Amino acid sequence: GYLHSYHLLRGYKHFTRPGDHEFYVMGYFIEMAVAHIRYTRGKDRRLFDAAKRLADHLDSVFGPAPKRNWRNGHPGIELAFLRLADACETWDGAGTGVKYAKLAQFFVRHQHLGGSNNAYNQTERPAVEMKEATGHAVRACYFYSAMAGIGSRLGDAELAAASDTIFSNAIDKKEYITGGVGANPHGEAFGPDYWLPLGGYCEACA
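Since this is a predicted model, take the numbers as computed values, not measurements.

**A word on unusual backbone geometry**
For the bond running from Ala65 to Pro66, omega is 15°, close enough to zero to count as cis. Looking at the element boundaries, Pro66 is found in the loop between helix H3 (46-61) and helix H4 (77-91). At His21, a residue that is not glycine, the phi angle is positive and equals roughly 65°. Of note, His21 is situated in the loop between helix H1 (5-10) and helix H2 (22-39). His21 sits in the partly exposed class, given a relative accessible area of 29%. Here the phi dihedral of Tyr194 falls at roughly 65°; this positive angle occurs in a residue that is not glycine. With respect to the helices and strands, the residue Tyr194 is situated in the segment after helix H7 (157-173).

**Looking at the environment of Ala137**
The topology assignment puts Ala137 in helix H6 (residues 137-154). In this structure the C-alpha to C-alpha distance between Ala137 and Gly27, which are 110 residues apart in sequence, comes to 17 Å. Apart from residues no more than four positions distant in its own chain, Ala137 is found in contact with Val181, Gly182, Glu188, Ala189, Phe190 and Ala206.

**Details of the nonpolar core**
If you look at soluble globular proteins, the nonpolar side chains tend to sit buried side by side. In this structure, Phe23, Ile30, Leu58, Phe62, Phe81 and Met147 are the most contacted members of the largest nonpolar core, which totals 52 residues. The set of elements that each furnish at least two residues to this core consists of H2, H3, H4, helix H5 (98-109), H6 and H7.

**Side note on the pattern of salt bridges**
The final tally for this structure, using the stated rule, is 16 salt bridges. Here Asp49 and Arg45 are joined by a salt bridge, their closest N and O atoms 2.9 Å apart. A residue is classified by how much of its surface remains accessible, and Asp49, at 26% relative accessible area, is partly exposed. Looking at Arg45, the relative accessible area reads 26%, which means it is partly exposed. Lys173 is the partner of Asp193 in a salt bridge, and the nearest nitrogen-oxygen pair spans 3.9 Å. Taken together, the residues span a long stretch of sequence, with Asp193 in the segment after H7 and Lys173 in helix H7 at a distance of 20 residues. A relative accessible area of 34% means that Asp193 is categorised as partly exposed. Overlapping salt bridges bring together Arg45, Asp49, Lys52 and Asp92 as one network.

Definitions and cut-offs
- Residues numbered from 1 in each chain as written.
- Predicted model: local features only at pLDDT ≥ 70, side-chain atom pairs only at ≥ 80, totals over all residues.
- Heavy atoms only, no water.
- Helix = DSSP H or I, 4+ residues; strand = E, 2+ residues; numbered from the N terminus.
- Buried < 20%, exposed > 50% of the residue type's maximum accessible area, 1.4 Å probe, protein only.
- Contact = heavy atoms within 4.5 Å.
- Core = buried A, V, L, I, M, F, W, Y, C linked by side-chain atoms within 4.5 Å.
- Salt bridge = Lys/Arg side-chain N within 4 Å of Asp/Glu carboxyl O.

Here it is, written out as structure tokens:
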């Protein structure tokens, strides 16, 4: 249901190595499928149905007990789940995307558990307690965007409020006039408030 040669060629067992971008790659597979069904106006469902099978498998493995928890080493799939949820509502009918949005909510709400407690990959504290943009900028932007999307789509007021606070910090204190964020080349990361050197890193992915 998805392509990840790094795991396949090395024979790694799925869902055992949080730092290897496995979920990040799955997120892009889902994003590709959503873009494809929109491009074909629903006439070619092959990628879309494969992405749904992938998401359904993840939903069967991860979630509230007795299912598994997961700390995502590189956020990205959370936002992909929200886009898949919206696509399902369009192409499969009302209510068909809710479970994918709820899975995104589960991952975001549990990102801090069982991890390294490190702002670099958004595991330093529960998402609802975050107040500023920190850590690896690409990871952070994916994660914060998912927080905002979940707050809006599922009415999660705590995540919505936290994402508003983070947005204000990122835009008012850590963004270049060009729109660039992640000024620190060490870790491709957000720096302190108002630390915006002329040689800022500002990776395009962020």
